[in-house]
Amino acid sequence: MKLLFVCVARTRVLGRENANRSGGFLLAANHISHFDPFLLSLAVRRKIDWMTMTEFFRFPLGFLLRAIDAFPAERDRADLKTIRTAIERLKSGRVVGLFPEGGIRDGTRSLLEGAPLRPGASTLAQIAGVPVLPCVILGSDRLYSKRQWLPFRRTPIWIAFGNSISHFPELQKTHARKRIESELAAAFKNLYAELREKFRLTTDDLPHPPRERTNCRAGASPAPPRTGNRSGCATMSSARLQRLASGTIDSLICGSLNLLHTRHRLNGRGREEMEHYVAECEGLTPKEYYAAPYEADVAKTLVNGHAAVRWNSPIRTHFAANNIAHAEFFQCAQGIRAPTVLLLHALMSTSRGGHRRCAERFNELGWNACFLHLPYHFSRVPRGYWNGELAITCDLIRNAEGLRQGVIELRQLMGALRERGCREFAVLATSYGGWIGALLTLVESDFRFVALMSPIVNVEHAIWHSPAARRIRRELLHANIEPSLVARHFHLSSPLHTQPLCDPACVLFVTGEFDSIAPAGEIEAIQQKWRGSELLRVQQGHFGHRMMPETIARLKQRGDL
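Because the structure is predicted, anything quoted here is derived from the model rather than measured.

Criteria and thresholds
Residues numbered from 1 in each chain as written. Predicted model: local features only at pLDDT ≥ 70, side-chain atom pairs only at ≥ 80, totals over all residues. Heavy atoms only, no water. Helix = DSSP H or I, 4+ residues; strand = E, 2+ residues; numbered from the N terminus. Buried < 20%, exposed > 50% of the residue type's maximum accessible area, 1.4 Å probe, protein only. Contact = heavy atoms within 4.5 Å. Polar contact = N/O pair within 3.5 Å; in protein donor to acceptor, adjacent residues only side chain to side chain. Axes fitted to C-alpha atoms, helices over the stretch in contact; angles between N-to-C directions. Parallel < 35°, antiparallel > 145°, perpendicular 65-115°, else oblique. Left-handed = near helix turned anticlockwise from the far one by under 90°. Nonpolar A, V, L, I, M, F, W, Y, C, P; charged D, E, K, R; others polar. Core = buried A, V, L, I, M, F, W, Y, C linked by side-chain atoms within 4.5 Å. Phe/Tyr/Trp six-rings, centres within 6.5 Å; stacked < 30°, edge-to-face > 60°.

Participant: Can you lay out the environment of N20 for me, pointing to particular residues and giving the numbers?
Facilitator: Mapped onto the fold, N20 is located in the loop between α2 (16-19) and β2 (25-29). When its relative accessible area of 25% is taken as the criterion, N20 is described as partly exposed. Considered as a pair, N20 and R45 are 25 residues apart in the sequence and their alpha carbons are 6.3 Å apart. N20 has contacts with V44, R45 and R46, leaving out every residue within four places of it along the chain. Separated by 3.1 Å, the side chain of N20 and the backbone nitrogen of R45 make a polar contact.

Shown next, in the form of structure tokens:
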């Protein structure tokens, strides 16, 4: 490794003496590329036993990893065999290396930007009674670019080792672990700042997603993927053309929605009902508002293969067809206990065929898939109405109850699947479905990932500023329903005004650069508020074909699939 990397990398190390201490210790580093373990091992004179993802231990790579004393670890659950192995090696005086982020991370998903640490490092250090050595590495993600491997380029790599952090034997277990985590988080931030100041690093020197480094020319600012020529770097003319096309499509759809909304009138009424509804909901928490009663029929009807699940919705409406919840369950070869992805469609989605094909792809990856017919859609459309027409109108109470209905029914599905042995879930949702998916994270936490594509996250913008709601605004103003009255319900219906119960690091927001219905600025705002979540930009408007495949590709790149 030294012969290989000395030709392509120029490594500068701060605090090397801290890493060459004697005795056993835990080396905890940030993770920005697959090259990190090799570069860090070269910077430390002692041998490091790396804790490595189980997926890498397939033949023949597994043979090589075991030959250098690496050992497998499950990334998403506590594996007792892994824990025992790590503790035995630490107590015997060896060095164990791990990445407490659980995978390659950049931006706000990185611990360098304040994302939360996984508790594994503090637990191991406390049980084994050894110190933790914090380490920050920068620049290794540039090696994803083929140009950086050309002779004599010697890509700069910066590494900083901090002072070791005690395992605090004088404190109780829980207090000791919290102390280790807080000091480790502070050490990462300080080392990151020290490297940036010491070497005057630029924005391009800081971590970027591997795909950006792979697609863009060396030394250039990374551009969003697939935005112009075949190299992946943007061109001005193609961007303008894409913006024009996206704007035209979004405008046509918004015009159609406004035309459809002319069928729904408040006729100056509705304020009294709205005030009464808001007053009833104002004191409720999301847990209370979205409480899901047990439904025994759901678990009974989940059978092998493709199951059509029907049950009485706990939210009763004026439309009999909408009172029957309906879900399509696609079971993979691994059985009912495999992780399940919940597929949530957009408002007035035209066909179930695309989601069925998507479910088949997840089945091939070892996932079960569940496609819920959201309120007023598909099998739940009352006679005389278009698919999804009643889900969003000027009747804000019906809108809110539809969202509530969708979240509660999803929770009932998850409860039934848990009863059958499923313990892990995910969400892949679009637009209106993304809105419901975001609300689901307020009351559920068992997610491997939550991918929200062009979700409606700010109800204030959706009602009072969206071009798709002009007719709705007109009716609300005629009924004297002002923004301040609607805002009293935001803590239950507007994801931007809330915080998720699940780990924000599992949330992937996907935004269209030219989206006028769910603007990129609104998605950016919630991504920053849900600190630790990730934002993926796609060159399209609210309606387009690029978002789904790029989202799936990013989930695979993150290791979620």
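And the narrative resumes.
Participant: Describe in detail unusual backbone geometry, supporting the description with residues and values.
Facilitator: The phi angle at F168 is positive, at roughly 50°, despite the residue not being glycine. Among the structural elements, F168 can be located in the loop between β7 (155-161) and α7 (173-198). Classification of F168 as buried rests on a relative accessible area of 8%. Positive phi is not limited to glycine here, since R200 has a value of about 50°. Topologically, R200 is positioned in the loop between α7 and α8 (210-215). The class of R200 is exposed, set by a relative accessible area of 74%.

Participant: Give me the packing of helix α14 (residues 396-419) against helix α15 (residues 432-440): which residues, what numbers.
Facilitator: Following both chains from N to C, one finds α14 and α15 inclined at 60°, their axes separated by 9 Å at the closest point. Between α14 and α15, the angle is such that the two are oblique. Classified by chirality, the crossing of α15 by α14 is right-handed. Listed contacts from α15 to G402, L403, G406, V407, L410, R411 and M414 of α14 are Y432, W435, I436, L439 and L440. A per-class count over the contact of α14 with α15 returns nine nonpolar, two polar and one charged.

Participant: Outline the nonpolar core, supporting the account with residue identities and numerical values.
Facilitator: Core analysis: the largest hydrophobic core is formed by 82 residues, its most contacted members being V427 and F447. Among the elements that line this core, the one with the most residues is α14, at ten residues. Residues L14, L124, A128 and L191 belong to the second largest nonpolar core, which totals 36 residues.

Participant: So what about the packing of aromatic side chains? Which residues, and what values?
Facilitator: By the definition in use, this model includes 14 aromatic pairs. When the centroid spacing of 6.0 Å and the interplanar angle of 85° are considered together, the rings of F319 and Y376 count as edge-to-face. With F319 in the loop between β8 (307-312) and β9 (324-330) and Y376 in the loop between β11 (368-372) and α14, the pair connects residues that are 57 residues apart, well separated along the chain. Exposure class is identical for F319 and Y376. Each is buried. Judged by centre distance (5.6 Å) and plane angle (55°), the ring pair of W367 and F449 falls under tilted. With W367 in the loop between α13 (353-364) and β11 and F449 in strand β13 (residues 447-453), this residue pair connects regions lying 82 residues apart in the sequence.

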